[in-house]
Amino acid sequence: MNDSSSKAWLARPDGSLILGHGPFIASERPPEDGVAFFLQRYGLDDPRPWQVPATFECLDALAFAERNRSHAMPECSWNELDAGPFAGVFQEVMDAIRRGVFEKTVPVVVEEGHLEAGTTADLAAAMTQQGQPRLSFAWMAGEHGFAGATPEVLFTLEGSRLKTMALA
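The shown structure was predicted, so the numbers you read here are calculated from the model rather than taken from an experiment.

## Description of the pairing of strand 4 (residues 50-60)
Regular strands place side chains that alternate from one sheet face to the opposite one.
Phase 1 of the analysis: Bridge count between strand 2 (residues 16-27) and strand 4: 10 bridges; the pairing is antiparallel. Counted as the bridge partner of S27 is W50 from strand 4.
Phase 2 of the analysis: Pairing between strand 3 (residues 37-38) and strand 4: 2 bridges, direction antiparallel. Among the inter-strand pairings, F37 is bridged to a residue of strand 4, identified as Q51.

Right under this line is the structure:
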């Protein structure tokens, strides 16, 4: 990604976050030293899913929110969800579980919205303020991106040891 205004972050349980600044370089593997963000398509078919930022910083989530907030609350309009595709995927998943193809899986519904008021920086500031137990994450590139929050600790890093516990 060659956009110098692009950003990515991952909040951590200690109240800090890792913030990467673009431009990002796509790579097959994360760097030996430094930071990279894993940005893989749902089909797991991107051969270079690691996005290495030009620079990164570790900072307190509150400091990040204050730096980005214009004190306008972001407002989004959301596209109406269609239960039909989810029902079809859910049925396929249940059939696969009955056949023994899967033991467990989680169907996903993606919700899409459009920022109507406020800026992407306001949205970023609001996302980092989710509070425990939710941890925010985001990828912002120009007018596109995604943001979310999860109550699960996606991974922990202790020295060079990476641990993950995918609950879903």
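## Some details on the environment of M140
Phase 1 of the analysis: Along the chain, the position of M140 falls in strand 7 (residues 135-141).
Phase 2 of the analysis: For M140 and G159, which are 19 residues apart along the polypeptide, the C-alpha to C-alpha distance reads 28 Å.
Phase 3 of the analysis: In contact with M140, not counting residues within four places along its chain, are S5, S6, K7, W9, T120, A124 and G145.

## Notes on helix 3 (residues 120-128)
It helps to recall that an α-helix has 3.6 residues per turn; residues three or four apart then point in one direction.
Phase 1 of the analysis: What helix 3 keeps buried is the set D122, A124, A125, M127 and T128.
Phase 2 of the analysis: Elements that come into contact with the buried residues of helix 3 comprise strand 1 (7-11), strand 2, helix 1 (61-68), strand 7 and strand 8 (144-150).

## Concerning the side chain of D46
Phase 1 of the analysis: One can find D46 in the loop between strand 3 and strand 4.
Phase 2 of the analysis: A distance of 2.9 Å separates a polar side-chain atom of D46 from the backbone nitrogen of R48.
Phase 3 of the analysis: Beyond its immediate stretch of four places on either side in the chain, D46 contacts L39, Q40 and R41.

## Some words on helix 2 (residues 83-98)
Phase 1 of the analysis: A rise of 1.5 Å per residue sets the reference length of helix 2, with its 16 residues, at 22 Å; its end C-alpha atoms lie 22 Å apart and thus fit the reference within 8%.
Phase 2 of the analysis: Its side-chain oxygen placed 3.0 Å from the backbone nitrogen of G84, D82 serves as the N-cap of helix 2.
Phase 3 of the analysis: Downstream of helix 2 by one or two residues, G100 has phi in the positive range, about 85°.

## Some remarks on the nonpolar core
Phase 1 of the analysis: Residues W9, A11, L17, L19, L59, A61, F64, A124, M127, L135, A138 and M140 constitute the largest nonpolar core, which totals 12 residues.
Phase 2 of the analysis: For this core, the secondary structure elements donating two or more residues are strand 1, strand 2, helix 1, helix 3 and strand 7.
Phase 3 of the analysis: Element by element, the count of residues in this core is highest for strand 7, at 3 residues.
Phase 4 of the analysis: Beyond its immediate chain neighbours, meaning those up to four positions away, L135 contacts A11, R12, P13, G148, A149, T150, E152 and V153.
Phase 5 of the analysis: In this structure, I18, V35, F37 and W139 belong to the second largest nonpolar core, which totals 7 residues.

The rules we used
- Residues numbered from 1 in each chain as written.
- Predicted model: local features only at pLDDT ≥ 70, side-chain atom pairs only at ≥ 80, totals over all residues.
- Heavy atoms only, no water.
- Pairing = 2+ DSSP bridges.
- Helix = DSSP H or I, 4+ residues; strand = E, 2+ residues; numbered from the N terminus.
- Contact = heavy atoms within 4.5 Å.
- Buried < 20%, exposed > 50% of the residue type's maximum accessible area, 1.4 Å probe, protein only.
- Polar contact = N/O pair within 3.5 Å; in protein donor to acceptor, adjacent residues only side chain to side chain.
- Expected span 1.5 Å × (residues − 1).
- Core = buried A, V, L, I, M, F, W, Y, C linked by side-chain atoms within 4.5 Å.

Structural measurements only, silent on function.
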